[in-house]
Amino acid sequence: MRTFRNPVLPGFYPDPSAIRVGEDYYLVTSSFEFFPGVPIFHSKDMVNWRQLGHVLDRPSQLNLDQTLPSMGIWAPTIRFHEGSFYMITTYVDNDKNQHNFYVTATDPAGDWSDPVWLEDAPGIDSSLFFDEDGKVYYTGNRVPPEGQDYPKHMDIWLQEIDLGQGKLVGPKHSIWQGALKVAHAQEGPHIYKIGGWYYVLIAEGGTGHTHAITIARSRSVTGPYEGHKANPILTHRHLGRAYPIVNVGHGELIETQHGDWWMFCLASRTSGGYYRNLGRETFLTPVAWENEWPVVNPGKGVLEFESPAPDLPETTWPQLPACDDFEGAELAPVWNFLRTPRGEFWSLSDHPGFLRLRLKPERLSEISNPSYVGRRQQHLSFRAAVDMTFQPAAESEVAGLVLLQNADYHFRCELGLEAGEPALQLIERRGGSEQLLASVPYPGDKVQLKVEAKGQDYSFYYRSSESDKWTGLCGKADGTVLSTDLAGGFTGAYLGMYASSQGAESANYADFGWFSYEGLE
């Protein structure tokens, strides 16, 4: 029997939403303050995915200027109807105000339209449902019209939407407030018509340890909806904090072309205790139906690291090489910027075969758009290295390798000047305070930097470009600084390249010849 391994999308890929179009599957996830926004993937077997690109890949679609960590783009939903793809999502601003919009495309690889912003659409986690009678419905969550009975008590609501006019029409309907009163944070609604029933699938309990997936059904799209007596249909909150898969929730049901049912959802893997450096990842699990209710992973009821694969032809895609040598005309889709890129600070053409990062005054510790390009950490244990050419010309100028959770929690392995002489420094930023973990003189302008993580032990190395021997810079730095359990928020760890003049103007730049990443599990 062919099996597959979870997570199917490792690393920071939360809030999965997926559809099937014929024999093709498409999936999107949240992206928060990172640009481009909303990564989109394609699969033939729901297990092996290739990234097509991003839905929001133009500044005209996504202004993330000064967006705080873990604000920005939350919980997209992807849908397909009569030849068009729809992606609807919420932009959450720094005051936690919610702004819902959708974009459309005829090709999921793009280009996608500019946003259609919806008025009077409160709440987060917007979703679309296309009914059989031609009507289209918007659903999301909101504070109950009658007020909250307890903290984070939310209402799942529904309203017809006129996609031709880009506006909500008709009355708003409160359709469900979850299965468990104390669970709070009813969110992530998706509506399905299966048989003679309308089902609303939601997340509740918050996206932390008590996260869960619950379901209700009705004969009418506007309700009343009855909750399933077996709710929650999926959670790990009862398994304890020592269980290796935690905070399971935010699901999406999907039917294969053969009539089999599956569920995508988010969950996290822990490392070195209850620490979740990778953030929330995308998992897959089978679903059966009994008495017109779904049963998730029958006989087990939990997510597993290994499960029988879907009954679909296995279709693998060419894997991205472990080493990106920056030979292409465009950055590979794994790479992201922090917030919307402003100014021409990066180039693949100024020095062909290199990624050039021009120094910007912005620091990584600021809520800004620094000269930074990064990719997700996708393994609990991994090795990453970078080849850099950089000659600092002033005390303020630095460039190097970064491991990022957010502006206040990260590692920076930098080449800069110390008392006028070039030096490599490893800096840990924790809770907004910085500590110098290591510093060594480095006279050259060509250097390779490496980090190896084994669980929460992160060790840093360096060597000259001509050497084949690595020299230790710092052994077993505490990787929990990259965990959301210390840093807060909803994102996962990134690794990347960085160049800054730290408040000063500079015409200097750093050239990166390659960046390599590989899992060690």
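Trainee: Please explain the nonpolar core as it appears in this structure.
Mentor: For soluble globular proteins, nonpolar side chains are generally found buried alongside one another. With 70 residues, the main nonpolar core has Leu403, Phe460, Met497 and Phe515 as its most contacted residues. With 21 residues, the next largest nonpolar core counts Ile245, Leu253, Ala267 and Val296 among its residues.

Trainee: What am I meant to see in the packing of aromatic side chains here?
Mentor: The description of an aromatic ring pair rests on the distance of the ring centres and on the angle between the ring planes. Tallied over the full model, the rule gives 28 aromatic pairs. The interplanar angle of 70° and the centroid separation of 5.8 Å between the aromatic rings of tryptophan 49 and phenylalanine 264 together place this pair among those described as edge-to-face. Of this pair, tryptophan 49 sits in strand E6 (residues 49-56) while phenylalanine 264 is found in strand E21 (residues 261-269), placing the two residues 215 residues apart along the sequence. Phenylalanine 264 sits in the buried class, given a relative accessible area of 0%. Taking the centre distance of 5.5 Å and the plane angle of 70° together, the rings of tryptophan 261 and tryptophan 289 count as edge-to-face. With tryptophan 261 in strand E21 and tryptophan 289 in strand E22 (residues 281-290), the pair connects residues that are 28 residues apart, well separated along the chain. The partly exposed category is assigned to tryptophan 289, whose relative accessible area is 25%. Each member of the aromatic cluster is reached from another via a ring pair, and the members are Phe12, Phe32, Phe34, Trp74, Phe490 and Tyr494. Across the ring face of tyrosine 274, the terminal group of arginine 241 is positioned such that the distance to the ring centre comes to 4.5 Å.

Trainee: Explanation requested: the sheet that holds strand E20 (residues 245-255) in the structure shown.
Mentor: Strand pairing in a sheet relies on backbone hydrogen bonds, with the paired strands running either antiparallel or parallel. Overall, antiparallel pairing links the four strands, which are arranged E20-E21-E22-E23 in an open sheet. Looking at the sheet topology across the chains shown, the edges are occupied by E20 and strand E23 (293-296). The mean angle between the axes of side-by-side strands here comes to 35°, regardless of whether they run parallel or antiparallel. Judged from the four bridges that link them, E22 and E23 form a sheet pairing that is antiparallel. Paired with valine 287 across the strands is valine 296, a residue of E23.

Trainee: How should I be thinking about the sheet that holds strand E12 (residues 136-142) in this particular structure?
Mentor: The strand order across the open sheet formed by four strands is E11-E12-E13-E14, and the pairing between neighbours is antiparallel. Either end of the sheet is taken by a strand with one partner, and the two such strands are strand E11 (127-130) and strand E14 (167-176). Across the sheet, the axes of successive neighbouring strands diverge by a mean angle of 30°, strand direction being ignored. Note that E11 and E12 share four bridges and pair antiparallel. Residue pairing across strands places phenylalanine 129 opposite tyrosine 137, the latter belonging to E12.

Calculation rules
- Residues numbered from 1 in each chain as written.
- Predicted model: local features only at pLDDT ≥ 70, side-chain atom pairs only at ≥ 80, totals over all residues.
- Heavy atoms only, no water.
- Core = buried A, V, L, I, M, F, W, Y, C linked by side-chain atoms within 4.5 Å.
- Buried < 20%, exposed > 50% of the residue type's maximum accessible area, 1.4 Å probe, protein only.
- Phe/Tyr/Trp six-rings, centres within 6.5 Å; stacked < 30°, edge-to-face > 60°.
- Helix = DSSP H or I, 4+ residues; strand = E, 2+ residues; numbered from the N terminus.
- Lys NZ or Arg CZ within 6 Å of the ring centre and 35° of its normal.
- Pairing = 2+ DSSP bridges.
- Axes fitted to C-alpha atoms, helices over the stretch in contact; angles between N-to-C directions.

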